[in-house]
Amino acid sequence: MASILDEYEDSLYRSASVQPSRAAVGIPHSGYVNARLEKETPIFNKQRIDFAPPEKINSLVVSSNQLCMSLGKDTLLRIDLGKPDEPNQVELGRKDEARVYKMFLDHTGCHLLIALNTSECLYLNRSVQKVRALSRWKGHLIESVGWNKFLGSETNTGPILVGTAQGQICEAEISVSEGSLFSTNPDQYFRQVYTLEEESGPAPVCCLEIERGIEGKFFIIATTRKRLFQFVGKVPEGTEQQGFGSIFAMHADHLPSFREFPASFGFSEIAFYTPKLRSNPRSFAWMMGNGVLYGTLDYSRPDSILSDERVWVYPSDIDITVNKPISIVLTQFHFLLLLPDGVKAVCTLNGQIVFQDLFLEKFGILTRMIKDPTVQQIWIHTEKVVFRYHVQRESRDVWKMYMNMNKFDLAKEYCKDRPECLDIVLAKEAEHCFQNKRYLDSAKCYALTQSYFEEIALKFIEAKQEEALMEFLIKKLSNLKPSEKTQTTLLTTWLTELYLNWLGILEGDPSKRNLYLDTREKFRTFLGSPKNKDCLFNNRASIYELLASHGDTEHMVYFAVIMQDYERVVAHHCQHDEYDEALSVLSRHRDEKLFYKFSPVLIQHIPKKVVDAWISMGSRLDARNLIPALVNYSQSASTQQINEAIRYMEFCVYQLEETQQAIHNYLLSLYALCRPDSLLSYLEQAGTNPNRIHYDLKYALRLCAEHGHHHACVHIYKVMELYEEAVDLALQVDVDLAKSCADLPEDDEELRKKLWLKIARHVVQEEKDVKKAMACLSSCALLKIEDVLPFFPDFVTIDHFKEAICNSLEDYNKHIEELKREMEEATHSAKRIREDIQEMRNKYGSVEPQEKCAACDFPLLNRPFYLFLCGHMFHYDCLLQAVFPNLPAYKQAKLEDLQKKLAAASQPSKGHHRPKDADTASLGKGQQSREQIKADIDDIVAAECVYCGELMIRSIDKPFIDPQKYEEEMQSWL
């Protein structure tokens, strides 16, 4: 195992790119170098606003990027922070000594309430320039406002709650009508709904907050100097516009739930944090005399939404009598306290002060700190200076705090985009799990870290936690890249070894049967994993060796199936005499090569099933490759078992229609050996045409002769057209069979007669049966009694064949009479022919002077002409022109040749001094030659009438216009 560790570590070094050593850069558990190239920006980045107020700042509020500040006695400055260069100044128009006590701006930045120290209240809408007095509010010093975030609009606040210095909670609504802005009072109503008290009586309502939970339930939080009240109730659906009186009415007879702390510095303030894209706050922080109560808000709770409450006690440097806190704001992970000389930021996760910022005395005493919830900006002002804090990447170190609190899931959530931090968290979580003996969880975490592989592996080995080590290796393997083939190979081999060891231990313990089955299933899943498939396939020899060394034949077979190494699977089954299982594997995967290889073994033990499997494979198997298995099997098997071989060969021949000669020859040999009855039927079914027979005729003849199958030999002789041999062999078996062979050469009468003579000689000389010999004469018309007589012995009397001789003589007499009759008929026919010839010589026809040629319709007597018996008359040249195109090519050539010869013979001789006798002989010879040529031309041209003879019949399917001259003819008509 240690060697595998060393090999794996070496492979890591070989595959890694050149990087500095982790020990050299001081990172014990991580492979990441955390080098800060720039100074990191602080979470709370302070910025002084470039603004010099003309008068001292009394109050400042900001919401939705809308900032409002009160300057001096009578001035109100409004700034849209999206357009800071366009401030808007509004005069309060007060002539008395009234001053701004507090200002309240709603969440939309549209509605501004200005509380005066004279117990009066003014209202200013963002869309108007004139401040309106709220007459119904007069006589109440306003300490807090709870805005309605669910029903408010730009012109209407909806029902809101107002807290006074006398402890009263009043409900009011302000509405601005655009059409009658100056003609109606904006305050719709103002009524008291509750009074908050402490031990000494009514106490100022320092803060008010309205939130809506699930199922229409409303939560109203109100604070005094030492108490935090919660009012919980439902507003009937459809009556939200009527306000919250019903909720307070539920607590008319008893106090609502509240939290109380003993100390007080005269006021308290509560802050909320609302995440982006959410309408309800998620956490709270209440600044009071004893410290800061902070926690989360759980809207699913029935009576109180405050959850996970903790109290941060003021440190020793904060004295509530000297430098008591002024304001508080809450961010996602911090709350900020405004002190007279600076700001402290406290982390809500661990209660540690993580940020302090002191202000110079020249800026004056810090007055108030507020936060714009929409843009997460914090504002602080003195009487003459305004500061702004930007909150940047507040969660950057949250992961570390959660990690130190052992809240690893949250820690990983806040560093998932920072791999170097995530690695530290995982390492810490892994170590934590290991210390708490949660080894499997530890292994899963270690596998995701960049910690040294061998250190972690040895750690589990020393703790004797093989199961956790396997989990570690599995996770590590799943995280490897495809290019890391060496590491993959080592881990795969090591895991296989561990699985086999673990299975061997569990298999011997009956009490751990279920664990054994689970581990076996995991091992099989590991072997069959698609991600490990290539690695296992490339190293299958090593895996086979491991499996064999552990004697785990079950998984060896399983692995071979996964690797599709069916040859090994089948061989395994055969070695263990599991022939049915072996055949099942072959049949399931239908690999032809495996059938060829293992069929010789399988057919020795399960012949019928093997043949059934062959038949199911059909034409995918080449029967020639299976013949060796059948030959070995048939040599050592009984006749009954050989029938299986015959069954498969018959399937190939009759079903698959195989034409291979080897297959047919082997089937013949099986028939000859075990089924002689089927042999002759097979031969007859194969036919007698040698070109369509697929077996070897000579081999079949030799095979049948060796086994004494004479009928089959006779059939083969007949196919080979060796009729004499067929008759000779048939006479040894059956005379009738010989007779059937003797009639086969139908076109060769001499051979037929010879064969029948053999039969007759055999009947006379061997069987000495005269009657049967006489029957041969009647079976073959070619035999005569005189052909058979020499075969009879001398002592045979004529009585045995007297009838045959008489019949033969009668046949001769009939033949002579027929010849006489034919001679008389021939003489008579010759006489008639001579008479017809003489009659034709004397036949003539008359031509009138006005007769015309049937072809050209010109007078006939102007040129040489022909007269036919049918009455048609043609000029010689007209007839030649009509007949020539319809003559065959050879007759056309002969006619042209004859015409040339006739033209040459018609030219006069140029000699002037020939002897007279010679001229006469030459003239006679030339005239005879011309007459013969003319006769030959007449035989071709005037053989028949061109209108009445066969020539006209043959031309009936010819077109009127020659296709080759069709275009020319068509153009002539245009």
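From a predicted model like this one, the values you see are computed outputs, not experimental measurements.

Caption draft 1: Main features of the overall build of the protein chain. What the protein chain contains, in helices and strands, is 34 helices and 32 strands. Across the 974 residues that make up the protein chain, the buried fraction comes to 43%. Taking as baseline every contact in the protein chain between residues at least 6 positions apart, the subset at least 24 positions apart corresponds to 52%. Carbon and sulfur atoms make up 50% of the accessible area of the protein chain, which totals about 53700 Å².

Caption draft 2: Summary view of the state of the cysteines. Scanning all chains against the criterion turns up zero disulfides. In this structure C878 is not part of a disulfide, and its nearest cysteine sulfur, from C856, lies 3.6 Å away.

Caption draft 3: Layout of the nonpolar core. With 70 residues, the main nonpolar core has L602, W614, Y648 and M649 as its most contacted residues. With 38 residues, the next largest nonpolar core counts C445, A447, M470 and L473 among its residues.

Caption draft 4: Fine view of the pairing of strand β25 (residues 334–339). With six of its six residues buried, β25 lies for the most part within the structure. Burial of the side chains of β25 extends over both faces: H334, L336 and L338 are buried on one face and F335, L337 and L339 on the other. Examined bridge by bridge, strand β24 (residues 327–330) and β25 share four bridges and lie antiparallel to one another. Bridging across to β25, L330 finds its partner in F335. Where β24 folds back onto β25 in an antiparallel hairpin, the turn is made up of three residues. Bridge analysis of β25 against strand β26 (residues 342–347) gives six bridges, and the strand direction is antiparallel. Pairing of L337 across the sheet is with K344, part of β26. In sequence, β25 turns back onto β26 through a hairpin of two residues.

Caption draft 5: Seen up close, a nonpolar patch on the surface. There is a patch of nonpolar side chains on the surface, built from F960, I961, Y966 and M970 and spanning about 470 Å² of accessible area. Considering the arrangement of structural elements, one finds M970 in helix α34 (residues 966–973). On the basis of relative accessible area, M970 is assigned to the partly exposed category, the value being 34%.

Caption draft 6: Local environment of the sheet that holds strand β30 (residues 386–391). Spatial ordering of the open sheet is given by β1-β30-β29-β28, a layout of four strands whose pairing is antiparallel. For this open sheet the edge positions go to β1 (44–48) and β28 (368–372), each flanked by a neighbour on one side alone. Strand after strand, the sheet turns through a mean of 25° between neighbouring axes, direction not considered. Relative to β30, β1 runs antiparallel, the two sharing five bridges.

Caption draft 7: Representation of unusual backbone geometry within the structure. A positive phi angle, close to 65°, is found at N406, a residue other than glycine. Along the polypeptide, N406 turns up in the loop between α3 (398–404) and α4 (408–413). Judged by relative accessible area, N406 falls into the partly exposed class, the value being 38%.

Caption draft 8: Highlighting the pattern of salt bridges. Evaluated as defined, the whole model comprises 26 salt bridges. The salt bridge partner of D580 is K609, with a shortest N-O separation of 3.2 Å. Taken together, the residues D580 in helix α15 (residues 579–589) and K609 in helix α17 (residues 607–617) connect sequence positions 29 residues apart. Taking relative accessible area as the criterion, K609 reaches 45% and is therefore assigned partly exposed. By sharing partners, the salt bridges in this structure join K608, D612, E644 and R647 into a single network.

Caption draft 9: The arrangement of the side chain of H715 in detail. As for its placement among the helices and strands, H715 is situated in helix α23 (residues 710–719). On the basis of relative accessible area, H715 is assigned to the buried category, the value being 8%. In this structure the side chain of H715 is engaged in a polar contact, spanning 3.2 Å, whose partner is the backbone oxygen of L683. Residues within four places of H715 in sequence aside, it is in contact with L680, L683, E684, G687 and T688.

Caption draft 10: Fine view of the sheet that holds β25. Reading across from one edge, β24-β25-β26-β27 is the order of the four strands in this open sheet, with antiparallel pairing throughout. Two strands close off the open sheet at either side, each with one partner strand: β24 and β27 (353–358). Recorded for the sheet is a direction-independent mean angle of 15° between the axes of neighbouring strands.

Caption draft 11: Summary view of the packing of aromatic side chains. Counted by the stated rule, this structure contains 32 aromatic pairs. Plain terms: the ring middles of F44 and F355 are 5.4 Å apart, the flat faces sit at 45° to each other, and that makes the pair tilted. Here F355 lies in strand β27 and F44 lies in strand β1, a separation of 311 residues in the sequence. The pair F44 / F355 is uniform in exposure class, with both members buried. A connected cluster of aromatic rings, assembled from ring pairs, spans F434, Y439, Y446, F453, F460, F472 and W494.

Caption draft 12: Examining the packing of α15 against helix α16 (residues 592–605) more closely. The interhelical angle for the contact between α15 and α16, taken along N-to-C directions, is 150°, at an axis separation of 11 Å. On the basis of their axis angle, the class for α15 and α16 is roughly antiparallel. Like other packed secondary-structure pairs, α15 and α16 cross with a definite hand, here left-handed. On the side of α15, the interface is formed by Y579, A582, L583, L586 and S587, while α16 contributes L594, F595, F598, V601, L602 and H605. Of the residues in the contact of α15 with α16, the class split is nine nonpolar, two polar and no charged.

Definitions and limits used
- For every chain, the first residue of its written sequence is number 1, and the numbers climb from 1 along that sequence.
- Given that this is a predicted model, residues contribute local features only at a pLDDT of at least 70 and side-chain atom pairs are listed and counted only at 80 or more, while totals for whole chains, interfaces and linings are drawn from all residues.
- Computation of side-chain values: all heavy atoms of the structure, hydrogens and water removed.
- Only DSSP runs of H or I reaching four residues or more are called helices, and only runs of E reaching two or more are called strands; each is numbered from the N terminus.
- Between buried and exposed lies partly exposed: a residue is buried under 20% and exposed over 50% of the maximum accessible area for its type, with that area taken using a 1.4 Å probe on protein chains only.
- The contact criterion used is simple: two residues touch if any of their non-hydrogen atoms lie within 4.5 Å.
- Where accessible areas are quoted, they stem from the Shrake-Rupley method and a 1.4 Å probe; at the residue level, only the protein chains shown are allowed to cover.
- Here, two cysteine sulfur atoms that lie within 2.5 Å of each other are counted as a disulfide.
- Residues belong to one nonpolar core when they are buried, are Ala, Val, Leu, Ile, Met, Phe, Trp, Tyr or Cys, and are joined through side-chain atoms within 4.5 Å.
- In this scheme, strands are said to pair when DSSP sees at least two bridges between them.
- Like-charged residues within 9 Å of one another, or nonpolar side chains (Val, Leu, Ile, Met, Phe, Trp, Tyr) within 5 Å, are grouped into patches, provided each residue has over 30% relative accessible area and no salt bridge.
- When a carboxyl oxygen of Asp or Glu is within 4 Å of a side-chain nitrogen of Lys or Arg, the pair counts as a salt bridge.
- Interaxial angle, 0 to 180 degrees, is taken between N-to-C directions of lines fitted to C-alpha atoms, where a helix line uses only the stretch in contact.
- Two N or O atoms count as a polar contact when they lie within 3.5 Å, although within protein this holds only if one can serve as hydrogen donor and the other as acceptor, and sequence-adjacent residues are included solely when both atoms are side-chain atoms.
- Stacked, edge-to-face and tilted labels apply to pairs of Phe, Tyr and Trp rings (six-membered ring for Trp) whose centres lie within 6.5 Å, assigned for plane angles under 30 degrees, over 60, and everything in between, in that order.
- Any angle that falls under 35 degrees is termed roughly parallel, while one over 145 is termed roughly antiparallel, one within 65 to 115 roughly perpendicular, and all others oblique.
- A clockwise turn of the near helix away from the far one marks a right-handed crossing, whereas an anticlockwise turn of less than a right angle marks a left-handed crossing.
- For this classification, Asp, Glu, Lys and Arg are treated as charged, while Ala, Val, Leu, Ile, Met, Phe, Trp, Tyr, Cys and Pro are nonpolar and the rest, including Gly, are polar.

Purely geometric stuff here, so don't read any function into it on its own.
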